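For reference, the chains in residue letters:
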Amino acid sequence: MMERKLTILYGSQSGTAQDLAEQIWRESKMYFFRGNVLPMGEYDVSELIGERFVVCVCSTYGQGEEPDNMKRFWKFLLRKSLPNDSLQQVHFAVLGLGDSRYPKFNYVAKKLHKRLLQLGGSALLPVGLCDDQHDLGYGAVFLPWINQLWDELGRIVPLSAGTHKLPESPREFRWQVDIANEGHITKNISPDGIDLYADLKMPNGFQTVVVENRRTTAAEHFQDVRMITFEKKAVPWCSGDVLYVRPHNSKDSVDQLFEIFHQHEFGLDKHTCVQVKAIDSEMPVPSILQKPLPLVAIAEQYWDLTAIPRARAFAVLAKNCSNELEREKLIEFSRYEGQEELFAYANRPRRTILEVLLDFPHATKSLTLEALFELFQPIKPRAFSIASAMESGKLQILVAVIEYKTKLSVPRRGLCSHWLKDLQPGNMVNAWVRKSTFQLPADNKTPLVMIGPGTGLAPFRGILQERELSETPTSAPLVLFFGCRSSTADFHCEEDLKRMEQSGMLQLFCAFSRDQPEKVYVQHLIKKESMLLKKLLIENGGYVLVSGSSKNMPQAVKEALIEAIGDAQHIEKMIQTNRYQEETWA
């Protein structure tokens, strides 16, 4: 009988690909497979030749880039010296996570699938292309894809006679969690003194201090936008690069969690110390959780208490739920057939995991420590374009504080933006810098047309500041289309932009959408500037950089540019040759 070993590898930038890879691993146990689930960067890629079954889950971000923890793996696979039959005994499946608004939708998964075929591997099934834009999220593709995977594997390595698929995974939980001896951590250490991520070394990581946290919008304006200045560190950055931070939950969310524990008589309080232990080598404990920790540190820095729960969370809640009604509803939400109902219950109103716990008290009552580590997703890092040049001596980001209403009575709040808003000068922050997805022209004489409404201005302010402070004055035409609601309420960096305009280094076009009876957006101004844009983009080979909200703006801008230069094919060619780039966010 063929050995039932399935290796699951993931390339994950924000943690979602890791979540899906772990779900595949958990389900594989129902079919009696064994094997590790690992980031591609931690897998010894020379062992790939000896594998029988491999599943790769990978995300694509920016302009078709692979995640950091996949780069080494990918580089190895691209070696010219690898024979075309290297992987002839490997059966593989690739699942991609992407966003169909980007021209290079799921580019990394498609490339990986193609390369594994070139090296002689056989595909178990077509590459799965999950789309963040789908109404039902990634689950719409993932759930049918994974069912097809088990069918296909069952055909190649059927279960031996008399053995049947298990009704549920015997590895319901990743780890064992015990209450630790309090002696490790005394009550009088303030939990604030514990930094879970202190020893986690990120590439280009550093600790920095908040210097200033200034509101850039008028006090009466509905939107609070912050220019946050950090102390400049030795870690270098280039204009357009991105700063990553990992936020903490608010005190209110943490208090609410312990209130839920108290109501259900869990016997857990903020000072309860827990020790997370591996059950086996297939699912190691992350380094940050390897020592005994007070629950309050985990609740504040590790569990995302504001996350919208996925299907998996409802399966965990259903597990030991004693109430029939609650259990039925939870099981429905956890199944593929119930994804539309789940979307209406959780995603549309942006219901948080804490609110779900309040909605299902019987299920919550039966939770265990192990289940809590399955239920809560880890807090994911958040990225912000750096809004200043290295030469300025300041590291700055421009942050819109997210708060909005849904049908739920309590306003929804962005976890990271509210954490950033509350930072005070002198606060320490762990951060790291990553290369921008913008690739600027090597030649400083190439014209740049930058389009950045709202906080989309951030990377362009960095680029402009760098040009302004450089030894050699810029000779390239620099054009910025900036849009906001009002010239008096939310004109970010107004002084800088006007100074650069007056010195002649920048041509500035501002759309203040609410300053006149009819609304004016950046796309309206773009259409008006057809002479200028034809000259810069067609005659002089200029670049277009678009930054800001990914909702309707990128498409409206593209249509306006096509209208302005009167040549849709030229814009398509610019996209293909990377002279038209977008960096947008939801």
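- If you check an unreviewed UniProt entry, the protein appears there as NADPH-dependent diflavin oxidoreductase 1 from Anopheles coluzzii.
- Heading Catalytic activity (unreviewed entry) of the UniProt record for the protein holds this comment: "2 oxidized [2Fe-2S]-[protein] + NADPH = 2 reduced [2Fe-2S]-[protein] + NADP(+) + H(+)".
- Taken directly from UniProt, the Subunit (unreviewed entry) text for the protein runs: "Interacts with CIAPIN1; as part of the cytosolic iron-sulfur (Fe-S) protein assembly (CIA) machinery. Interacts with DCPS."

## A closer look at the packing of aromatic side chains
Then, in step 1: All chains considered together, the criterion is met by 17 aromatic pairs.
Then, in step 2: Ring plane angle 10° and centroid distance 5.7 Å describe the contact between Tyr 244 and Trp 432, whose orientation is recorded as stacked. Pair noted here: Tyr 244 is in strand E10 (residues 242-245) and Trp 432 is in strand E17 (residues 428-434), with a separation of 188 residues, a long-range link.
Then, in step 3: Assessed through its relative accessible area of 11%, Tyr 244 is described here as buried.
Then, in step 4: In this structure Trp 432 comes out as buried when scored by relative accessible area, which is 8%.

## Quick word on the nonpolar core
Then, in step 1: Counting residues in each nonpolar core, the largest one holds 83 residues, and the members touching the most others are Ile 24, Val 57, Leu 149, Tyr 302, Trp 303 and Leu 375.
Then, in step 2: When residues of this core are sorted by domain, at least three fall in each of domain 1 (6-156) and domain 3 (251-378).
Then, in step 3: If sequence neighbours within four positions are ignored, Trp 303 has contacts with Asn 249, Leu 257, Phe 261, Leu 295, Ile 298, Leu 372, Phe 373, Phe 376, Gln 377 and Ile 379.

## Some remarks on the domain arrangement of the protein
Then, in step 1: In terms of domain boundaries, the protein breaks down into domain 1 (6-156), domain 2 (205-246 + 380-434), domain 3 (251-378) and domain 4 (448-584).
Then, in step 2: Measuring from the centre of the C-alpha atoms in domain 2 to the corresponding centre in domain 3 gives 28 Å.
Then, in step 3: Taken residue by residue, the interface counts eight residues in domain 2 and eleven residues in domain 3.
Then, in step 4: Together domain 2 and domain 3 conceal approximately 760 Å² of surface at their shared face, both sides included; 43% is due to carbon and sulfur atoms.
Then, in step 5: Taken as a group, Lys 380, Leu 408 and Arg 412 account for 51% of the area that domain 2 buries against domain 3, more than any other trio of residues on that side.
Then, in step 6: Close ionic contact of Arg 412 with Glu 355 constitutes a salt bridge, the shortest N to O distance being 2.7 Å.
Then, in step 7: Seen at the junction of domain 2 and domain 3, the total is five residue pairs in polar contact (both at pLDDT 80 or more).
Then, in step 8: A per-class count over the side of domain 2 that touches domain 3 returns three nonpolar, one polar and four charged.

## What about the UniProt feature "domain: Flavodoxin-like" (unreviewed entry) in the protein?
Then, in step 1: Here the UniProt feature "domain: Flavodoxin-like" (unreviewed entry) sits at residues 6-150.
Then, in step 2: End-to-end, the C-alpha atoms of residues 6-150 are 11 Å apart, and along that stretch the chain is 30% helix and 21% strand.

## Side note on helix H1 (residues 16-28)
Then, in step 1: Over its 13 residues, H1 runs 19 Å from end to end, which matches the ideal 18 Å to within 8%, given 1.5 Å per residue.
Then, in step 2: For H1, the buried fraction is high: twelve of the 13 residues fall into the buried class.

So, how was this worked out
Residues numbered from 1 in each chain as written. Predicted model: local features only at pLDDT ≥ 70, side-chain atom pairs only at ≥ 80, totals over all residues. Heavy atoms only, no water. UniProt positions renumbered as here; feature names shortened; annotations may be inferred. Phe/Tyr/Trp six-rings, centres within 6.5 Å; stacked < 30°, edge-to-face > 60°. Helix = DSSP H or I, 4+ residues; strand = E, 2+ residues; numbered from the N terminus. Buried < 20%, exposed > 50% of the residue type's maximum accessible area, 1.4 Å probe, protein only. Core = buried A, V, L, I, M, F, W, Y, C linked by side-chain atoms within 4.5 Å. Domains from an automatic or database assignment. Contact = heavy atoms within 4.5 Å. Buried area = accessible area lost by both parts, 1.4 Å probe. Salt bridge = Lys/Arg side-chain N within 4 Å of Asp/Glu carboxyl O. Polar contact = N/O pair within 3.5 Å; in protein donor to acceptor, adjacent residues only side chain to side chain. Nonpolar A, V, L, I, M, F, W, Y, C, P; charged D, E, K, R; others polar. Expected span 1.5 Å × (residues − 1).

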